[in-house]
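So the chains spell out like this:
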Amino acid sequence: MPVPKRVLTVFGTRPEAIKLFPVLHALEQDDRFDSRVCVSAQHRAMLDSVLEIAGLSPHYDLDLMKPNQSLDALTAAALTGLGAVMDEEKPDWVVVQGDTTTVMAGAIAAYYRQIPVCHVEAGLRSGDIYRPWPEEVNRKIVGSFATLHCAPTETAAKALRSENVDPKTVHVTGNTVIDALHWVTKEVAAKPELASGLADIEARFAGKHIVGMTSHRRENFGEGMEAIASAVREIASREDIAVIFPVHLNPNVRSVMNEALAGLDNVALIEPLDYPHFARLLDIAHIMLTDSGGVQEEAPALGKPVLVMRETTERPEGVEAGTAKLVGTDADTIIAEVGKLLDDTDAYEAMARAHNPFGDGHASQRICDLLAG
Ligand code: UD1
Ligand code: UDP
């Protein structure tokens, strides 16, 4: 029996945890690996909620979150803290996912120790270094030296090859978010109480079309967020709709949204939902309105029209397939596009088609097989 490979998986935020728990479940069940987990805890409550649902207990928790943390302080703390863990663990692989500060710092710490890096969700590119910011540059940094690039789609793989990344290191695995969505759907089917916490809100808004909403992009802070909030205020003045908006814990988001939207009859401003409840929101939503990355992948898989409040996206697959539409952050445009989907059945039907540009739900197994080499 060969010695199991020691794999150190590093993550810090809610979306990384959601997209890595299926990989961690697969690694844990596979004799080829000794799986170790380190969280930077760049997020706290929003990370812990995923750890709990997915049954994960990290071996290391750096507990780095500080209120309203700056990018440079977080980067410095993550680089130092993650490097120290790598010195102790001496892994054969470091696995990171996506494009957050933890991902960039974790990958660099591994590179400084000449440990091979596996980048999950590699090759996403918007082509604009300030949108999304700082994520576009974070993932380009990791892409410039990772040993294994697990691209979710052929478009992402092509982007890497066009940057002269060695094609032998680029593999199309699908996006592990689809694995996560399948897992949570099965869990909730077996234990419906896991997602029953929205019952009161569902009863309050019975008979209305639900607009599910999220917003948190750093490049939208200030003017963009205010425009989004004023658009939602106007949209919610219609009697036939209701907005359910789990508000991200970033204070830059909460201050604007609370100020503009608290107390409105047709808006439920609620705390971030755990993953089973967010899956429930996706299920009951007529439309999703978001600037999130992950929601742009989940909504198409479920056939939910998703209006993306960004000027550009690194996930063009949903837009190309017609389930997603870029609406930017101009209030009038957002109001008009939501109105069109509510009032024009043909426009709605054209977008409401389930398809799977982001994978078949088996990305995690492919990633394990690539790590095993
Ligand atoms: C981070 C990522 C972003 C990702 C997003 C997912 C960076 C630079 N940004 O953005 O790429 O899309 O997570 O949600 O890596 N906070 C809490 N509790 C939490 C989480 C956050 O209170 O559980 C508050 C804290 O005040 C924290 C602030 O939110 O300082 C910002 O958190 P941070 O991780 O720096 O940035 P996000 O905007 O969440
Ligand atoms: N999500 C969640 N609860 C919420 C909002 C989002 O579980 O209240 C999930 C969502 O299903 C998706 C991920 O969080 O998988 C997206 O995270 P976020 O929007 O914070 O980050 P991004 O994807 O933009 O990096």
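## Concerning the sheet that holds strand 1 (residues 5-11)
Okay, step 1: Strand order in the open sheet formed by seven strands is 3-2-1-4-5-6-7, with parallel pairing between adjacent strands. One side of each edge strand has no neighbouring strand; the edge strands of this open sheet are strand 3 (60-61) and strand 7 (170-172).
Okay, step 2: Pairing analysis gives three bridges linking strand 6 (residues 148-151) to strand 7, with the strands arranged parallel. Note that in strand 7 the partner of Cys150 across the bridge is His171.
Okay, step 3: The sheet strands contacting helix 4 (residues 101-112) are strand 1, strand 4 (93-97) and strand 5 (117-120), and the helix crosses strand 4 at an angle near 165 degrees.

## Quick look at a nonpolar patch on the surface
Okay, step 1: On the surface, Ile129, Tyr130, Trp133 and Val137 cluster together to form a nonpolar patch covering roughly 380 Å² of accessible area.
Okay, step 2: Structurally, the position occupied by Ile129 is in the loop between strand 5 and helix 5 (135-143).

## So, the pattern of salt bridges
Okay, step 1: The final tally for this structure, using the stated rule, is 32 salt bridges.
Okay, step 2: Here Glu121 makes a salt bridge to Lys19, at a shortest N to O gap of 2.7 Å. Of this pair, Glu121 sits in the loop between strand 5 and helix 5 while Lys19 sits in helix 1 (residues 14-28), placing them 102 residues apart in sequence. Per residue, the accessibility class of Glu121 equals that of Lys19, and both read buried.
Okay, step 3: With a closest N to O distance of 2.7 Å, Glu135 and Arg217 form a salt bridge.

## Examining the site of ligand 2
Okay, step 1: By nearness alone, 14 residues border ligand 2, and Arg14, Leu273, Gly293, Gly294 and Glu298 come closest of all.
Okay, step 2: In the model, an oxygen atom of ligand 2 is placed 2.6 Å from a nitrogen or oxygen of the Glu298 side chain.
Okay, step 3: Here ligand 2 has 530 Å² of accessible area as a free molecule, and 95% of this is covered by the chains.
Okay, step 4: Put simply, the parts of the chain that give the shell around ligand 2 at least two residues each are helix 1, helix 11 (275-284) and helix 12 (294-302).
Okay, step 5: In terms of residue count, the dominant contributor to the shell around ligand 2 is helix 1 (three residues).

## Regarding the site of ligand 1
Okay, step 1: Neighbouring ligand 1 are 24 residues; Gln42, His43, Lys66, Asn68 and Glu135 lie closest to it.
Okay, step 2: A distance of 2.7 Å separates an oxygen atom of ligand 1 from a polar backbone atom of Lys66.
Okay, step 3: Side-chain polar atom of Gln69 to an oxygen atom of ligand 1: 2.8 Å apart, as the coordinates give it.
Okay, step 4: Out of a free accessible area of 740 Å², ligand 1 has 94% covered by protein chains.

## Considering the packing of helix 1 against helix 16 (residues 363-372)
To characterise two packed helices, one gives the angle between the axes of the helices and the distance between these axes.
Okay, step 1: Look at helix 1 against helix 16: their axes get within 9 Å of each other, and the N-to-C directions meet at 55 degrees. Comparing their axes, helix 16 and helix 1 come out oblique. Viewed along their axes, helix 1 and helix 16 form a crossing whose handedness is right-handed. Contact with helix 1, carried on its side by Pro22, Val23, Ala26 and Leu27, involves Ser364, Gln365, Ile367, Cys368 and Leu371 of helix 16 and no other residues of that element.
Okay, step 2: By residue class, the composition of the contact of helix 1 with helix 16 is seven nonpolar, two polar and no charged.

Rules and cut-offs
Residues numbered from 1 in each chain as written. Chains lettered and ligands numbered in written order. Predicted model: local features only at pLDDT ≥ 70, side-chain atom pairs only at ≥ 80, totals over all residues. Heavy atoms only, no water. Pairing = 2+ DSSP bridges. Helix = DSSP H or I, 4+ residues; strand = E, 2+ residues; numbered from the N terminus. Contact = heavy atoms within 4.5 Å. Axes fitted to C-alpha atoms, helices over the stretch in contact; angles between N-to-C directions. Patch = residues over 30% accessible without salt bridge, like charges linked within 9 Å, V, L, I, M, F, W, Y side chains within 5 Å. Areas by Shrake-Rupley, 256 points an atom, 1.4 Å probe, with all protein chains shown as cover. Salt bridge = Lys/Arg side-chain N within 4 Å of Asp/Glu carboxyl O. Buried < 20%, exposed > 50% of the residue type's maximum accessible area, 1.4 Å probe, protein only. Near = heavy atom within 4 Å. Polar contact = N/O pair within 3.5 Å; in protein donor to acceptor, adjacent residues only side chain to side chain. Parallel < 35°, antiparallel > 145°, perpendicular 65-115°, else oblique. Left-handed = near helix turned anticlockwise from the far one by under 90°. Nonpolar A, V, L, I, M, F, W, Y, C, P; charged D, E, K, R; others polar.

From the geometry alone we can't say anything about function, so treat these as descriptive.
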